[in-house]
Amino acid sequence: MNDMVTQGVKAFVMIPAGSSAVLEGIEAASKEGIPVCVLDTATTDRTYVASTIVSNNLNAGEISGTAMVDALPDGGKVAILTGVLGAPNLEERIRGFKETVEGSNIEVMPVQTGNDDVQTSVDVVGQYTAANPDLAAWFFDGGWPYFADPDALPEVQKFMENGGHIISVDTCEPMMQYVGMDMVDLLIGQNYPNMGSLGVETLYKIIKGEDVDLGDETHYIDTGYELVDKSNYEEVWATKAPW
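Notes on the structure follow. (Residues numbered from 1 in each chain as written. Predicted model: local features only at pLDDT ≥ 70, side-chain atom pairs only at ≥ 80, totals over all residues. Heavy atoms only, no water.)

1. A few points about the pattern of salt bridges
Oppositely charged side chains can pair when the atoms bearing their charge come close. One pass over the structure, following the stated rule, counts six salt bridges. When the shortest N-O distance is used, the salt bridge between Lys31 and Glu27 registers 2.7 Å. Of this pair, Lys31 and Glu27 both sit in helix α2 (residues 23-31), four residues apart, roughly one helical turn. Here Asp134 makes a salt bridge to Lys77, at a shortest N to O gap of 2.8 Å. Note that Asp134 is positioned in the loop between α5 (118-131) and β6 (135-140) and Lys77 in strand β4 (residues 76-82), a separation of 57 residues in sequence. Of the residues examined, Asp134 reaches a relative accessible area of 45% and is grouped as partly exposed. Among the ionic contacts, a cluster of salt bridges with common partners joins Glu92, Arg95 and Glu99. (Salt bridge = Lys/Arg side-chain N within 4 Å of Asp/Glu carboxyl O. Helix = DSSP H or I, 4+ residues; strand = E, 2+ residues; numbered from the N terminus. Buried < 20%, exposed > 50% of the residue type's maximum accessible area, 1.4 Å probe, protein only.)

2. Things to note about the packing of α5 against helix α6 (residues 154-161)
Close contact between α5 and α6 brings their axes to 8 Å; oriented N to C, the two are set at 45°. With respect to their mutual orientation, α5 and α6 come out oblique. The way α5 lies across α6 gives a crossing that is left-handed. Here α5 contributes Val125, Gly126, Thr129 and Ala130 to the contact with α6, which in turn contributes Glu155, Val156 and Phe159. (Axes fitted to C-alpha atoms, helices over the stretch in contact; angles between N-to-C directions. Parallel < 35°, antiparallel > 145°, perpendicular 65-115°, else oblique. Left-handed = near helix turned anticlockwise from the far one by under 90°. Contact = heavy atoms within 4.5 Å.)

This is how it looks when you write it as C-alpha cells:
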C-alpha cells in the first residue's frame with residue numbers, strides 16, 4: 001500500500017487478509033488524503049478507515065447457533081470446521097455460534113481446521129465424522145467442503161442420511177446443489193455483490209465530495225445475510241452465476 005500511495009492512487013478498496021497487519025498502510029493512505037474502504041473483514045482499528053462494508057460475522061455465528069439449537073432440541077455433540085485458526089472474521093463467527101448455543105444441551109467439540117483448502121477440508125470432515133459416530137452435527141464457518149464434487153463427500157452424505165445436521169456459512173453457486181441433495185440443512189450467505197458495489201459507490205462519492213451514507217458513527221455498514229434451505233434454494237440458485 002505504501003508503494004501505491006506514492007504512485008498517486010485516488011482510493012483503496014481492500015479485503016484485509018490480516019486485519020491488523022494492514023493498519024500502517026491504511027494510516028499512511030489516510031494521512032495523504034486517500035480514502036480506504038474495507039470489505040468483508042473489519043480491521044482491528046477503524047480510525048483511518050473511510051468505510052467498513054461487511055456482513056456482520058458475529059451475527060452469522062448467532063444465526064447459525066440459533067438454527068443449530070432448533071435442529072438439536074435435545075442437544076448433542078457439534079463439531080466446528082474453520083479455515084485458518086485466528087482469522088478475525090472466522091473467529092467472530094465461532095464466537096457468535098458458541099455464545100448462542102451456550103446454555104443448551106449442545107456440546108461443542110474442538111475446532112477442526114481445513115487450512116482454507118477444499119481437499120483438506122473434505123478430508124478433515126470425512127475423517128472426523130467417521131471417527132466420532134456419536135457426532136450430531138457440524139457447523140462450517142465457511143463452505144470449503146461444498147466446493148468439492150458430491151462424490152468426494154460420502155461420509156457427509158452418510159452422516160446426513162443417518163440424521164446428522166450441517167449448518168454452513170456461505171451461499172456460493174457450487175454450494176446450492178448440496179441443499180437440493182439434503183447434504184446441508186441451512187446456508188448463511190454474505191452479500192458479496194452488495195459489498196463490492198457499495199465499496200466502489202462509496203469511494204466514488206467520497207472522492208467527488210458528494211453526500212454519502214457511511215453507516216453508523218464508526219462508518220460501519222452491515223450488508224446482511226441471505227438464508228438458503230430446501231424451501232428457497234432453487235430460487236436463490238437461479239440468481240447465482242455459474243463458477
